[in-house]
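For reference, the chains in residue letters:
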Amino acid sequence: SESGEPCPVPSTHDKTNEAHYFLHEMIEHYHDCDRFRYRLSAFLQAARSVTLLLQAELAERDGFEAWYLPWRKKMKENKTLTILNSERVRVVHKETLVPASTMFFGRFEFGRWKSGLDGLPLDPMEDSTRALVRYRALDERGVGKFHYLEPQRSCNCVEYGLTRKWSLGVLEDKELTDFCTEAFAAIVEVVGGAHTWCGAEYEQEVTCNQDSEKYRTLRE
């Protein structure tokens, strides 16, 4: 703050950090189905709570309602935030959230896709490591005497691998961490605006999923 005063919305700030934490936890545990789902649920709840805390902390400030009205309208028109809210309601009040899961499985060369099949269904209750081992065993049976990869793996630049994709039907095929990053960026914009209105500074660049394909890929 330019005046040297403490953060005007400390609870909002802390809840924003909590949502950010769970977003990175989703990325960290992308291939562990239960850990990913549980952190997704936690992210949805924390992210949705940010603006609720913001309203609670600033409600008594003169002019807040007039300032917040355009932001409220903008958020209601934001499809990503609308879905965030509906999914949060679902996981809190209706049912466990089990996202859809698909994958590319095949051969990688120097860490990049070489050949294989994309869009394969992957049980959302199955960890990626187990799926990789299972599909690799099927693939290594080969056709006659032909094997897709040399069994001894003498060439370390070619290996089996998969690239997983978590999604929800309402997202129209958008990958889940991409969706969550978009939602978080929209929320951070509101939080930043609130700090500015209060005479404070708040800057946070949201680039959490910039290596999406890298962390979504699991190789031998």
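This text goes with the structure placed above it.
Residues numbered from 1 in each chain as written. Predicted model: local features only at pLDDT ≥ 70, side-chain atom pairs only at ≥ 80, totals over all residues. Heavy atoms only, no water.

Draft legend 1. Quick look at the overall build of the protein. For the protein, the count of helices and strands is 7 helices and 4 strands. Moving toward the C terminus, one meets the helices and strands of the protein in the order α-α-α-α-β-β-α-β-α-α-β. Here the C-alpha atoms of the protein give a radius of gyration of 22 Å, more than 25% beyond the 17 Å that 2.2 N^0.38 yields for 220 residues. Over its C-alpha atoms, taken along the principal directions, the protein stretches across nearly 80 × 40 × 25 Å. Here the contacts in the protein between residues at least 6 apart in sequence split such that 72% fall between residues at least 24 apart. Split by element, the accessible area of the protein, about 12,300 Å² in all, is 49% carbon and sulfur. (Helix = DSSP H or I, 4+ residues; strand = E, 2+ residues; numbered from the N terminus. Rg over C-alpha atoms; globule rule 2.2 N^0.38 Å. Contact = heavy atoms within 4.5 Å. Areas by Shrake-Rupley, 256 points an atom, 1.4 Å probe, with all protein chains shown as cover.)

Draft legend 2. Highlighting the sheet that holds strand β1 (residues 100-109). Strand order in the open sheet formed by 4 strands is β2-β1-β3-β4, with antiparallel pairing between adjacent strands. With partners counted over all chains shown, the strands left at the sheet margins are β2 (112-121) and β4 (217-219), one partner each. Between one strand axis and the next, the sheet turns through 25° on average, direction left out of account. (Pairing = 2+ DSSP bridges. Axes fitted to C-alpha atoms, helices over the stretch in contact; angles between N-to-C directions.)

Draft legend 3. The pattern of salt bridges, seen in detail. Counting across every chain of the model gives 17 salt bridges. A salt bridge links Lys15 to Glu18, with the shortest nitrogen-to-oxygen separation between them at 2.9 Å. On the criterion of helical spacing, the pair formed by Lys15 and Glu18 is a turn pair, its members being 3 residues apart in helix α1 (residues 10-28). We note a salt bridge from Arg72 to Glu65, for which the minimum N-O separation is 3.6 Å. (Salt bridge = Lys/Arg side-chain N within 4 Å of Asp/Glu carboxyl O.)

Draft legend 4. The nonpolar core, seen in detail. The biggest cluster of nonpolar side chains holds 46 residues, and the ones touching the most others in it are Phe43, Tyr68, Leu84 and Leu176. Put simply, the parts of the chain that give this core at least two residues each are α1, α2 (33-58), α3 (64-76), α4 (79-94) and α6 (176-197). Phe43 has contacts with Ala19, Phe22, Leu23, Met26, Leu84, Cys180 and Phe184, leaving out every residue within four places of it along the chain. Membership of the second largest hydrophobic core comes to 9 residues, among which are Met103, Leu120, Leu122 and Leu132. (Core = buried A, V, L, I, M, F, W, Y, C linked by side-chain atoms within 4.5 Å. Buried < 20%, exposed > 50% of the residue type's maximum accessible area, 1.4 Å probe, protein only.)

Draft legend 5. Inspection of the pairing of β2 at higher detail. Pairing analysis gives 7 bridges linking β1 to β2, with the strands arranged antiparallel. Directly across from Thr102, in β2, lies its bridge partner Pro121. In this antiparallel pair of consecutive strands, β1 and β2, the connection spans 2 residues, and Phe110 shows a positive phi of 55°.

Draft legend 6. Examining the environment of Arg107 more closely. On the secondary structure map, Arg107 appears in strand β1. Arg107 sits in the buried class, given a relative accessible area of 12%. Taking the C-alpha atoms as reference points, Arg107 and Asp34, separated by 73 residues in sequence, lie 26 Å from one another.

Draft legend 7. Fine view of the layout of surface pockets. In this structure, the largest pocket spans a volume of roughly 310 Å³. What lines the largest pocket is a set of 14 residues, and nearest its centre among them are Arg48, Thr51, Met75, Leu81 and Asn85. Elements supplying a minimum of two residues to the lining of the largest pocket: α2, α3 and α4. Per-element accounting of the lining of the largest pocket gives the leading share, 5 residues, to α2. (1 Å grid on protein atoms, 1.4 Å probe; cavity = no way out; pocket = protein on both sides within 12 Å on 5 of 7 lines; lining within 4 Å. Points joined across faces, edges and corners; volume = space filled by probe spheres on them.)

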